[in-house]
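Observations on chain architecture
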Amino acid sequence: MTDTSLVSQIGIRNNPSIGTHDMTTPNESEQSGYNIHWRRNLAVCFAGSFSTLIAMTLLLPFLPLYVEQLGAEGHAAIVQWSGIAYGATFFAAALVAPLWGRLGDRYGRKLMLVRASFGMAICMSLTGMVESVWQLVLLRLLIGFAGGYSSGSTILVAMQTPKERSGRALGVLAAGITAGSLVGPLLGGLLPPLIGIRATFLLSGAVIFLAFLATTFLIKENPPAPRPASMAKPKSGWSQIPDKRPIVAMLTTGMLLAFATMSIEPIITVYVQQLVEDQSKVTMVAGVVMSAAALGTILSSSWLGKLADRVGHWNVVVGALAVSALLLIPQAFVTNGWQLIGLRFLMGLALGGLLPCITSVIRHNIPDGIGGNVLGLAISAQYVGQVAGPLSGGFVGGHFGMRSVFLGTSVLMALGAAYNWIVQSRRARHMLLEAGES
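Here's a quick rundown of the structure. Counting restarts for each chain: residues are numbered from 1 in the order of the written sequence. Predicted model: local features are reported for residues with pLDDT of at least 70 only, side-chain atom pairs are reported and counted for 80 or more only, and whole-chain, interface and lining totals are derived from all residues. With hydrogens and water set aside, each side-chain value is computed from the structure's full complement of heavy atoms.

Attention now goes to helix α16 (residues 354-364). Within α16, 10 of the 11 residues are buried, which leaves it mostly tucked inside the rest of the structure. The complete set of buried residues in α16 reads Leu354, Pro356, Cys357, Ile358, Thr359, Ser360, Val361, Ile362, Arg363 and His364. Only protein chains enter the accessibility calculation, which uses a 1.4 Å probe; a residue whose area is less than 20% of its type maximum is buried, one above 50% is exposed, and one in between is partly exposed. Under the DSSP-based scheme used, a helix requires at least four consecutive residues in state H or I and a strand at least two consecutive residues in state E, with every element numbered from the N terminus.

In this section: the environment of Ala418. Residue position: Ala418 is located in helix α18 (residues 402-437). Judged by its relative accessible area of 35%, Ala418 falls in the partly exposed class. Sequence separation between Ala418 and Val318 is 100 residues; the distance between their C-alpha atoms is 7.5 Å.

Computed over the protein atoms alone on a 1 Å grid, cavities are sets of points where a 1.4 Å probe fits but cannot get out and pockets are open sets with protein on both sides within 12 Å along at least five of seven lines; a residue lines them when it has an atom within 4 Å of a point. Grid points are joined across faces, edges and corners, and a volume is the space filled by probe spheres set on the points. Overall, the coordinates contain 1 cavity of 30 Å³ or more when judged by the stated rule. Volume-wise, the largest cavity comes out at about 170 Å³. For the lining of the largest cavity, the secondary structure elements donating two or more residues are α5 (75-107), α6 (109-127), α8 (149-160) and α17 (371-400). It is α5 that contributes the most residues to the lining of the largest cavity, 6 residues altogether.

Moving on, we get to the nonpolar core. We define a nonpolar core as any set of buried Ala, Val, Leu, Ile, Met, Phe, Trp, Tyr and Cys residues linked to one another through side-chain atoms lying within 4.5 Å. Judged by nonpolar contacts, the single largest core of 102 residues is most densely connected at Leu136, Met250, Val272, Trp314, Leu354, Ile362 and Met413. Top contributing element to this core by residue count: helix α14 (residues 313-331), with 9 residues. Residue contacts for Met250: discarding those within four places in its chain leaves Trp314, Val317, Ile358, Val361, Ile362 and Asn420. In what follows, a contact means two residues having at least one pair of non-hydrogen atoms within 4.5 Å.

As for its placement among the helices and strands, Asn41 is situated in helix α3 (residues 38-57). Taking the C-alpha atoms as reference, Asn41 lies 9.6 Å from Lys110; in sequence the two are 69 residues apart.

Turning our eyes to something else, we now look at the environment of Gln240. Checked against the element boundaries, Gln240 lands in the loop between α10 (197-218) and α11 (245-263). Spatially, the C-alpha atoms of Gln240 and Pro367 are 7.6 Å apart, while their sequence positions differ by 127 residues.

Right, let's get into helix α15 (residues 337-351). Helix span, as expected, comes to 1.5 Å for every residue beyond the first. Relative to the 21 Å expected for 15 residues at 1.5 Å per residue, α15 spans 21 Å between its end C-alpha atoms, a close match to the ideal helical length. Considered for burial, the residues of α15 that qualify are Gly337, Leu340, Ile341, Leu343, Arg344, Met347, Gly348, Ala350 and Leu351.

You can see Thr57 is positioned in helix α3. Taking relative accessible area as the criterion, Thr57 reaches 10% and is therefore assigned buried. Pairs of N or O atoms are called polar contacts if they sit within 3.5 Å, as long as, within protein, a hydrogen donor faces a hydrogen acceptor (for residues adjacent in sequence, only side-chain-to-side-chain pairs). One polar contact links the side chain of Thr57 to the main-chain carbonyl oxygen of Leu53, over a distance of 2.7 Å. For Thr57, the contacting residues outside a window of four places in its chain are Gly180, Ser181, Gly184 and Pro185.

Below, the structure is given as structure tokens:
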């Protein structure tokens, strides 16, 4: 039994095949979390996430150069400070994502996007004016604390899109997020030689400010449900979840996905160096390898999200994890760079629907009023994977060989697939028993 069919047993009656979601009145839509403006909101969130991710990832190619300009001396110091400055944003974002999600549940998710885009625009512009490495790290921390536009967009789209269309909508949004992450470094390699590093940061701030204006004036959100004056101190979001097993499974899977994706990053260039005869092409091939998985994700995320709306989001999660586990094995034994590029592209295709499906499973198993709170926890879990993945990959690759990274990650993905299958099967049996007793 799929997760969507389970959801239908507990009260989701809209059938996309007969179009009843289009007949929902505004009043009914507010009660169910469905927003009649969800298509326009999706378009704005797509454009805003794409543009803000471009602005946020522009710095990757020239960050070490900027750190050197700010006074870091020596290769070790430049690499160390570049890593600290880059990781600071993810560290800060992981800490505050649940807080912003909880505030979004209470005061409105559009407000969180407006706050994020405005704060990011200011901090990114100021990054082009810093005079020391410490100031750079501080602003990178502030960007993480203030930011989260793409994660906030994910929460808004997940909570105000008709549930039977959530997979497809989140797949479209994921494609925009991934595309922004792919285009950003490419532009970051082109702009500094033309306009300078500091001007590139100022341009990034201007682009994010445009996203702030679009968000402010174009997104239409259902107002948050009023809280009765007589209500006692509200329960935590976690305590309001009737069945926590799906949520725990998705939090674990999101962290595993980020961990598996990022664990390969530190060793790609060194691994490619062993595969390419012409050493002058190492960086080019490594860049293509890194981009191949992202390109596959862009191409498949919307289609897999749409497929998941039909066959069940949890089924796609299990299948994606299993296929990626299989694809990681031959990556450990490739003999040239193009084989690795092809396998990374196929892995991106397999993983494209994973994040939309993770979000959809969470959305289908929590009350509407705590969606931002719980999805904020999911985003924090993914940030944890993004930080832990490179650290673990670098350690394993350095001590046990680079093939061990691919094979170890394959084992983790296979265990994740088995874990999700077990949880899904047990929950399906439990709900069938409950249905039989009633």
